[in-house]
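Coordinates in review
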Amino acid sequence: MGHCCAHPEDNRREISISVHGQVPEAQGFTKASEEVKLLLKKANKSKNPQVVITPLRLSKTNEEVGQKVESMNDIHAAVQMIQENLGPAWKDPELEKLYANLPTIGPIRYTNGATYQGKMKDDKREGFGTFIWQDGSIYEGYWKDNKPSGAGRILHIKGDYYIGDWVNGKAEGEGKYVFSNGTDYYQGNWFQDCQKGKGTLFRKEDPEFDGASTMYIGDFVNFKREGKGKIMSWQDGDTEKDAPFVTYEGDMHEDMMQGNGKLTFKDGRVYVGEFVNNEMEGQGEFRWPDGRYYIGEYRNNKKHGRGKFRWKNGDIYDGYFVNGKQEGFGEQYTAKDGITRKGYFRHGQNFSWVDEDESSDRKRGVKSQQSGIPDIPGADLPREKKGLLDFLK
């Protein structure tokens, strides 16, 4: 996961993209050669949980005048590969008209070692221009008052890049950030260098889903999933072109499922209810495609509290649950003979009937016809919480 933010350093202004969590190793682009794949992999060795990718460092002051040089800095081979796949940087027809009369200056070099060639006004970058750092990263796009403004793209030597709108030197408006593996991306709204508003986050091998592919479409605030959204997960080698293994639609808070939501499984199972910290908790309803259903309370992904379970043959248990099993007082209806029994249950088994006739049955060794509630696969099993939808793994 990641977010984009501005970081001051010395007297320079810098724009950086930070990635939180493990950085996926570069897998290259569709047309990439093995040599370039190796280049990207070598450039992406760092496993720091918070990696600040090559920042966009402008000159020490916006008023600094660069010195004329013979040539621009060399572009890193990994960046060249990205350029080849993306094609030429897009030029806005309206902005081209606006800056048409400005002179094209350069190449010039600044004291930080970066080079620039493009439109200028009063010794400041203004209009379309190219800015290349000493390490070979590049910004291609529009400038205003020495800052990226308008359409532009920044391509990093690690293989990641951002293409989109800029305002006053920061990513703002519509934009797409592609991670260094060339497959994961965020596309949507940006504000002050942060993903904020509507957007889509795709992960080819999401570590929170045991390497399964995931896609989130919905609201973001400072990169975190916040508001309403939809999460889809693919497993067993399926891709985003296939029906997802499971889909969540509902409330998100602090990057977690929180509030009311709906889980839909590929095999037809559906849960509708409340979530707390990525877990089914509160009131909920779970239905199976064969006619079984549970309606009642949940805690920590387990049936817990008062609830009703119906088997596919029509038998019904209505009573209390503890950690996913019948526990305490409850009523059990048998569809075959139309009889309702009242009694006490322990660990999913009846051990005492309240009705006298039923007590006689118990003494004769007659057990409840339904001796347990089937688990939601994975949901009632104790396991360490690791991330979104962990109980579905």
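Anything mentioned here points back to the structure above.
Residues numbered from 1 in each chain as written. Predicted model: local features only at pLDDT ≥ 70, side-chain atom pairs only at ≥ 80, totals over all residues. Heavy atoms only, no water.

This part is about the overall build of the protein chain. Along the backbone of the protein chain there are four helices and 25 strands. Looking at the protein chain as a whole, 50% of its 393 residues qualify as buried. A separation threshold of at least 6 residues defines the contact pool for the protein chain, and within that pool the share at least 24 residues apart is 36%. Carbon together with sulfur atoms contributes 48% to the accessible area of the protein chain, which is approximately 18,900 Å² in total. (Helix = DSSP H or I, 4+ residues; strand = E, 2+ residues; numbered from the N terminus. Buried < 20%, exposed > 50% of the residue type's maximum accessible area, 1.4 Å probe, protein only. Contact = heavy atoms within 4.5 Å. Areas by Shrake-Rupley, 256 points an atom, 1.4 Å probe, with all protein chains shown as cover.)

Another point: the packing of aromatic side chains. On inspection of all chains with the given rule, the structure shows 32 aromatic pairs. Here the aromatic rings of Tyr-271 and Phe-286 are separated by 6.3 Å at their centres, their planes lie at 40°, and the arrangement is tilted. Of this pair, Tyr-271 sits in strand β18 (residues 270–276) while Phe-286 sits in strand β19 (residues 279–287), placing them 15 residues apart in sequence. The burial state of Tyr-271 is the same as that of Phe-286; both residues are buried. The ring of Trp-353 carries the charged tip of Arg-341 above its face, separated from the ring centre by 5.3 Å. (Phe/Tyr/Trp six-rings, centres within 6.5 Å; stacked < 30°, edge-to-face > 60°. Lys NZ or Arg CZ within 6 Å of the ring centre and 35° of its normal.)

Moving on to the side chain of Arg-153. With respect to the helices and strands, the residue Arg-153 is situated in strand β9 (residues 147–155). At a separation of 3.0 Å, a polar atom in the side chain of Arg-153 contacts the main-chain carbonyl oxygen of Gly-87. A distance of 2.9 Å separates a polar atom in the side chain of Arg-153 from a polar atom in the side chain of Glu-140. If sequence neighbours within four positions are ignored, Arg-153 has contacts with Gln-83, Leu-86, Gly-87, Pro-88, Ala-89, Ile-138, Tyr-139, Glu-140, Tyr-162, Ile-163 and Trp-166. (Polar contact = N/O pair within 3.5 Å; in protein donor to acceptor, adjacent residues only side chain to side chain.)

Of all the nine residues making up β9, eight are buried; the element is thus mostly covered by neighbouring parts of the structure. Bridge analysis of strand β8 (residues 138–144) against β9 gives six bridges, and the strand direction is antiparallel. What sits directly across from Tyr-139, in β9, is Ile-154. Across six bridges, β9 lies against strand β10 (residues 161–167) in antiparallel orientation. Along β10, the bridge assignment pairs Gly-150 with Trp-166. (Pairing = 2+ DSSP bridges.)

Moving on, we come to a nonpolar patch on the surface. A cluster of nonpolar side chains, Tyr-320, Phe-329, Tyr-344, Phe-351 and Val-354, forms an exposed patch at the surface whose accessible area comes to about 450 Å². Topologically, Phe-329 is positioned in strand β23 (residues 325–334). (Patch = residues over 30% accessible without salt bridge, like charges linked within 9 Å, V, L, I, M, F, W, Y side chains within 5 Å. Salt bridge = Lys/Arg side-chain N within 4 Å of Asp/Glu carboxyl O.)

To continue, consider helix α2 (residues 77–86). Among the residues making up α2, those that are buried are Ala-78, Val-79, Met-81, Ile-82 and Gln-83. In the stretch just after α2, Gly-87 is the one whose phi turns positive, near 85°.

On to unusual backbone geometry. Among all residues save glycine, negative phi is the norm, and among peptide bonds the norm is trans. Omega for the bond connecting Gly-106 with Pro-107 falls within 30 degrees of zero, at 5°, which places this linkage in the cis form. Among the structural elements, Pro-107 can be located in strand β5 (residues 104–109). We note that Asp-122 has phi near 55°; this positive angle belongs to a residue other than glycine. Of note, Asp-122 is situated in the loop between β6 (115–121) and β7 (124–132). Overall, the relative accessible area of 68% leaves Asp-122 in the exposed class. The backbone of Asp-123 shows a phi angle near 65°, a positive value even though the residue is not glycine. Considering the arrangement of structural elements, one finds Asp-123 in the loop between β6 and β7. By relative accessible area, which is 47% here, Asp-123 ends up partly exposed.

Just geometry here; none of it tells us what the structure is for.
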